[in-house]
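# Structural description and commentary
Single-letter residue listing:
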Amino acid sequence: MRPRKSTWIWIGVLIAAIAAAAILGGTGNDNGCLHLLAVALIWSAAFVLVVRVLANLFRLVIRRLTLRLAFSYFLIGIVPIPLLATLLSLASYMVAHQFMANRLRREMTAVGEAALAADGNLPEIRADADGVIVRSGLSWLHAGEKAPWLSGLARPGFLASEDRLWLAIPAGARSARVLDLSDPDTPGMQRLADLTGYEVAIEMGTAAAEKGGLSIFTHDEAESKRGIHVHTKGGTPASPVRRPANARPAGGGPWGREWIHAFYLETVLNAVEKESHTGRNVAILQATTSPATLSDQLFAQGVAEIGRVFWIIFAVIAGILLLVYLVALAVAFSLVGSIARSVNRLTRAAEAVARGDFSLRIHSKSRDQIGDLARTFDGMADSIQRLLLVTARKERLEAEVAMARTIQHKLLPPAAATLPGFSVLAHFQPVAEIGGDYYDYLPMPDGRTAVALGDVSGHGLPTGLLVAMAKAALSTLLQAGHQSGDLFSRMNDLIHRSTEPRHYMTLCLLAYDAAKRRGTLTNAGQLPPYRISGGRVESLALPAFPLGLFPDKTFPSQEYTFAAGDVVVILSDGLVEAADALDEPFGFERFEAILREEGGNGAESLRNALLAAIAAHTGERPPEDDRTLVILTLE
């Protein structure tokens, strides 16, 4: 894969920028801005080139269908696994965190109740019905202060002084005992660690709602996170970290190491009186444990083996699911391989066809869409092979037809000629490669000149052969001295014997004697010629059957006397039958009108007027029959 022109440009920019940075760095002068610009160009060019290299590698990897399908299955079947594992890990951690947090709160309640039962000398707080303190064992909480939280205290809650946290334990109506949780000598936190089995600590903080979430200001932490921002505020340190007395030794690896952290936050009971723009006081219980400890607590039963049963069930189901997934993955890759093999066979076959080899076949037995495509390809190759053979035959036939057309045109005499006693001007327009019309002028043994115009039914090569046969027969019979009706009878018998009944020929022949200005007209189904004499147009009609339809037929002849300057027009039916877009033929009336108008202006003017009128009548509609016109001007 050749690099694009722009890639070479970026390579040049990278080399130039590296050279410029090296030169500027070696001078030691103050070129801070220039050096910074060179470094920026280096990084920009390197980034663009790396992106293009990765894109090219990606296109190279997925270039072949096998790799493309494998990559698609990788995206569909493999990539979701780590994503799902990440989601499950996050969900598991959230569940573990909430489990530990709820256990911290529950066991803290148990710690308070146990302390109240074990120590009757805990400081007491008592309030009257109005929520005003009437008795206080705390130096920072004085009689006469309001304590509305005391009357609704149903479970142990937290109190906060300037630098300490206390646990308020309900001890009757509007009465509570308090336990100092910040005192290192107080066994409350140790008991909490023993009950939970976690490494625990407690500290006081301040919570404030912000636009981005919730901010917690603690005394010893300086970590800030989105959603929960933790700040260092300074002050007294948090309570010491307490480990459970019966804690298992920290093990190695992720399972035994203590790395799962959880925390429980609760607003202190006297936070209402302490609220300000900085937030409200909260108590923060923190715990750390290992996955092993947490697993023992989650699956704890009166019979220890029950937990192992749950793990065995989980492992068996996970193994079954993994096995199913691996089998499905193997089936998928097997399908990919079969598709790739079929496509590769199609590719090789298509390349063979491109080289001109149409003999290669795929012969796929698969019943899927790829197999249908392969069979369609085989059918296409067969069709192309047959088409090439037909095309070759057609090309040979067309070459033969073109040669026949050339021969036919050479069989016709020149369109303009001067003969004894008259001049000839002809027009021949075949509708096909080989036309069915024919005209000729031939000398006769008795000194006369024969002018003939014929029309063979149909078009194409058979018609051309019949025209050639008719020309040869006419020439031979004339040289043999046959004339008029006898000549036509012999030609009729010849055409009838040589062709099918649907092939026939109309023929008009004028044998002209220049010395006597007399002509003998014989007609076999051809349109009657016209004589233009003294401005008058006369139709020389001799009705008769065409040649070749019936055997033993006679054909009429008529002798005419002509004058100097007379014009004889012999035509085929393609001229008067030329139709316009509405299928209206040009007709005899229009034809005869032009003969009357242009007959005295010379043969060329008459020919041009006739052809122009017919072209104007038909418009863009192509001719449907041969058009032949022969004009004789008598001297």
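Presented here is a report on the structure given in the accompanying data block. What you see is a predicted model; the values in this text were computed from it and never measured. (Residues numbered from 1 in each chain as written. Predicted model: local features only at pLDDT ≥ 70, side-chain atom pairs only at ≥ 80, totals over all residues. Heavy atoms only, no water.)

Looking now at the sheet that holds strand 19 (residues 557-561). With antiparallel pairing, five strands are arranged side by side in an open sheet as 13-14-15-16-19. Strands with a single pairing partner mark the edges of an open sheet, and in this sheet they are strand 13 (437-443) and strand 19. Strand after strand, the sheet turns through a mean of 15° between neighbouring axes, direction not considered. Bridge analysis of strand 13 against strand 14 (residues 449-456) gives seven bridges, and the strand direction is antiparallel. Following the sheet pairing, Leu-442 is matched in strand 14 by Ala-450. Packing of helix 11 (residues 461-479) onto the sheet brings it into contact with strand 13, strand 14 and strand 15 (505-513), and relative to strand 13 it is tilted by some 15°. Taken strand by strand, helix 12 (residues 484-498) contacts strand 15, strand 16 (518-524) and strand 19, and its axis lies near 25° from that of strand 16. (Pairing = 2+ DSSP bridges. Helix = DSSP H or I, 4+ residues; strand = E, 2+ residues; numbered from the N terminus. Axes fitted to C-alpha atoms, helices over the stretch in contact; angles between N-to-C directions. Contact = heavy atoms within 4.5 Å.)

Moving on, we get to the pattern of salt bridges. Applying the stated criterion across every chain, the model contains 16 salt bridges. One salt bridge in this structure joins Glu-266 and Arg-105, with 2.6 Å as the shortest N-O distance. Linking Glu-266 in strand 9 (residues 260-267) with Arg-105 in helix 4 (residues 80-118), this pair joins segments that are 161 residues apart in sequence. By the burial criterion, Glu-266 is buried, and Arg-105 matches it. Residues Arg-126 and Glu-124 are paired through a salt bridge, measuring 2.6 Å at the closest nitrogen-oxygen approach. When its relative accessible area of 10% is taken as the criterion, Glu-124 is described as buried. Put simply, Arg-105, Arg-155 and Glu-266 are held in one network by salt bridges that share partners. (Salt bridge = Lys/Arg side-chain N within 4 Å of Asp/Glu carboxyl O. Buried < 20%, exposed > 50% of the residue type's maximum accessible area, 1.4 Å probe, protein only.)

Computed from the structure, the largest pocket encloses a volume of approximately 640 Å³. Counting residues per element, the ones that place at least two in the lining of the largest pocket are helix 4, helix 8 (291-298) and helix 9 (305-354). Here the lining of the largest pocket gets seven residues from one element, more than from any other, and that element is helix 4. Here the residues of the lining of the largest pocket sort into 17 nonpolar, three polar and no charged. (1 Å grid on protein atoms, 1.4 Å probe; cavity = no way out; pocket = protein on both sides within 12 Å on 5 of 7 lines; lining within 4 Å. Points joined across faces, edges and corners; volume = space filled by probe spheres on them. Nonpolar A, V, L, I, M, F, W, Y, C, P; charged D, E, K, R; others polar.)

When the terminal C-alpha atoms of helix 11 are compared, their 27 Å separation across 19 residues agrees well with the 27 Å that a helix rising 1.5 Å per residue should span. Listed as buried for helix 11 are Thr-463, Gly-464, Leu-466, Val-467, Ala-470, Lys-471, Ala-473, Leu-474, Leu-477 and Leu-478. At the exit of helix 11 stands Gly-481, carrying a positive phi of roughly 95°. (Expected span 1.5 Å × (residues − 1).)

So, on to the environment of Arg-191. Along the chain, Arg-191 falls in helix 5 (residues 188-196). The partly exposed category is assigned to Arg-191, whose relative accessible area is 42%. Expressed as a C-alpha distance, the spacing of Arg-191 and Gly-144, which sit 47 residues apart in the sequence, is 34 Å. If near-sequence neighbours (up to four positions away) are discounted, Arg-191 is found in contact with Val-111 and Ala-114.

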